[in-house]
Amino acid sequence: MTETLNPFAIAQAQLDHVAAHMKLDPGLHSLLREPRRELHVSLPVRMDDGTVRVFKGFRVQHNDARGPCKGGIRFHPSETIDAVRALAAWMTWKTALLDLPFGGGKGGVICDPSLMSPSELERLSRAYINEVWRIIGPERDIPAPDIFTNPQVMSWMMDEYSKHVGYPVPGVVTGKPLSVGGSVGREDATARGGVVVVREASRQLGLDPAQSRVAIQGFGNVGGFAAMLSKDILGSDIVAVSDVYGGIYSAQGLDPHAVMRHRQKTGSVTGFPGAEPITNEAILELDVDVLWPAALESVITGANAGRVKAKIVAEAANGPTTPEADRILFEKGVFVVPDLLCNAGGVTVSHFEWVQNVTGLKWDDAQVHRELERKMLAAFHETVATARAQKVDNRTAAYVVAVGRVAEAMRVRGWLQSYMCLAPEAKE
Ligand code: NAD
């Protein structure tokens, strides 16, 4: 039987596995398997050459039992509704694991931003909000940046939403520029949170991060900062990084700040002086201590997991490891820091941004970093303690904590009970 790489099927399989382990109520389990709501939109955009192109977009709200939905918006040519559904579900588990007062949502537009001008991107961003504004808002659903979206896109989206409701609403999106209600510390938050948990995972394994060799697939927002902070905070050696165009390797270690300057100048890490080329497949199998998949989902599969040599896999990307690969890595004793935990720093600082927007207060760097570390450490130790106590892998443990919190919120809100109460009336 060939392994499914459909992210939503994977997300459902992960939940099914945990539901069986936790003996979750079958009604709750069925409800959690599907998004509560999804909106499919067609976005007409006038291109710079005067023609109109219609782009497909989605917003999926998986669960809001614990608070408003929260999750990024991706602009990607190979975006699919099933990827967005999976990512929305993963946001439900991530916000629950970090104990943030949010549920899970996600959005996407099928487009190739690398082929679009800034003004075309602005019109696309505004067209998206024009279609989804009724179902989002600071108390409903709060989007954020993700692959190929950025603070400028968030700023256009916040502006468009504010025009619709008639007053400025900075809390409708997070990841905004500082001048319109963004938070300090948001830009590198996902990587910084990941570095905190990699440091803790290294302690668990008796590894000295200052002696660690690190490879990173995907030198984008998360991967780029992960490289620089791993070097600057932990003192690790970054031996390989990659992007969509290919990768670079140096046994002596790369200077991630110089690689960043090279990428900013040339648009890619490839061609960095003094480094050897390496493929995106080979980077996953390098003999390193820490491997960060920080690009796309389903890159570590049943086909290559047996060749992964890293001691720690830090899942900066969402869903980079398939269930079959998970089993193989667990049996090999690889310490997987699951995506729910590893990349939760972004949504955690997004929560701080939203808190600042709705209270009107401003936090400084020190407060953001201190609170981020506190939240990441609490979630890490809860995950590891659950894995030990229940003799399960870290992903299952993270799910046990997260699903337990969401299920409890649904139970006390009486969601299943109210459906049962409605049934007799429905017969009339
Ligand atoms: P980004 O667009 O800044 O960077 C993505 C990187 O991946 C780029 O270097 C790109 O060239 C590379 N890439 C794209 N397609 C690739 C391919 N086929 N093979 C190899 N490399 C490829 O995006 P990002 O914000 O850094 O997000 C990366 C991952 O982290 C995604 O899975 C995203 O969902 C996840 N994530 C991001 C955040 C955040 O705060 N940005 C938070 C949580 C999770």
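None of the values given here were measured: they were computed from a predicted structure. (Residues numbered from 1 in each chain as written. Predicted model: local features only at pLDDT ≥ 70, side-chain atom pairs only at ≥ 80, totals over all residues. Heavy atoms only, no water.)

1. Overview of the site of the ligand
For clarity, the threshold we go by: By convention in these notes, a residue is near a molecule or strand provided one of its non-hydrogen atoms lies within 4 Å of it. Pairs of N or O atoms are called polar contacts if they sit within 3.5 Å, as long as, within protein, a hydrogen donor faces a hydrogen acceptor (for residues adjacent in sequence, only side-chain-to-side-chain pairs). All accessibility values rest on the Shrake-Rupley procedure with a 1.4 Å probe; residue burial counts only the protein chains present in the view.
As a matter of local geometry, the ligand sits amid 21 residues, with Thr190, Asn221, Val222, Val244 and Asn318 nearest to it. The separation between an oxygen atom of the ligand and a polar main-chain atom of Val222 is 2.9 Å. At 2.8 Å from an oxygen atom of the ligand is found a side-chain nitrogen or oxygen belonging to Asn318. For the ligand, the accessible surface in isolation is 830 Å², of which the surrounding protein chains cover 86%.

2. Thoughts on the sheet that holds strand S8 (residues 246-254)
What counts, and what does not: In this analysis, strands are considered paired if DSSP registers two or more bridges between them. Numbering goes from the N terminus for both helices and strands, where a helix is a DSSP run of H or I of at least four residues and a strand is a run of E of at least two. Axis geometry follows a simple rule: fit a line to the C-alpha atoms, using only the stretch in contact for helices, then measure angles between N-to-C directions, giving values from 0 to 180 degrees.
Across the sheet, which stays open at both edges, the seven strands sit in the order S9-S8-S7-S6-S10-S11-S12 with mixed pairing between neighbours. Each having just a single partner strand, strand S9 (276-278) and strand S12 (335-337) make up the two edges of the open sheet. Between one strand and the next, the sheet's axes are offset by a mean angle of 20 degrees, whatever the strand orientation. Sheet topology places strand S6 (residues 213-217) next to strand S10 (residues 290-293); four bridges connect them, and they run parallel. Among the inter-strand pairings, Val214 is bridged to a residue of S10, identified as Val290.

3. Details of the side chain of Glu120
For the record, the criterion: Accessible area is worked out with a 1.4 Å probe on protein chains only. A residue is then buried under 20% of its type maximum, exposed over 50%, and partly exposed in between. Counted as positive: Lys and Arg. Counted as negative: Asp and Glu, with His and the chain ends omitted from the count. We define a salt bridge as a contact between a side-chain nitrogen of Lys or Arg and a carboxyl oxygen of Asp or Glu at a distance within 4 Å. Residue contacts are defined here by distance: any two heavy atoms, one from each residue, within 4.5 Å place the two residues in contact.
Residue placement: Glu120 occurs in helix H4 (residues 118-132). For the buried Glu120, which has no salt bridge, the nearest side chain bearing the opposite charge is Arg123, at an N-O separation of 5.0 Å. Reaching out from Glu120, the side chain makes a polar contact with the backbone nitrogen of Ser117 at a distance of 2.9 Å. When residues no more than four places from it in sequence are discounted, the contact partners of Glu120 are Val45, Met47, Asp48 and Leu115.

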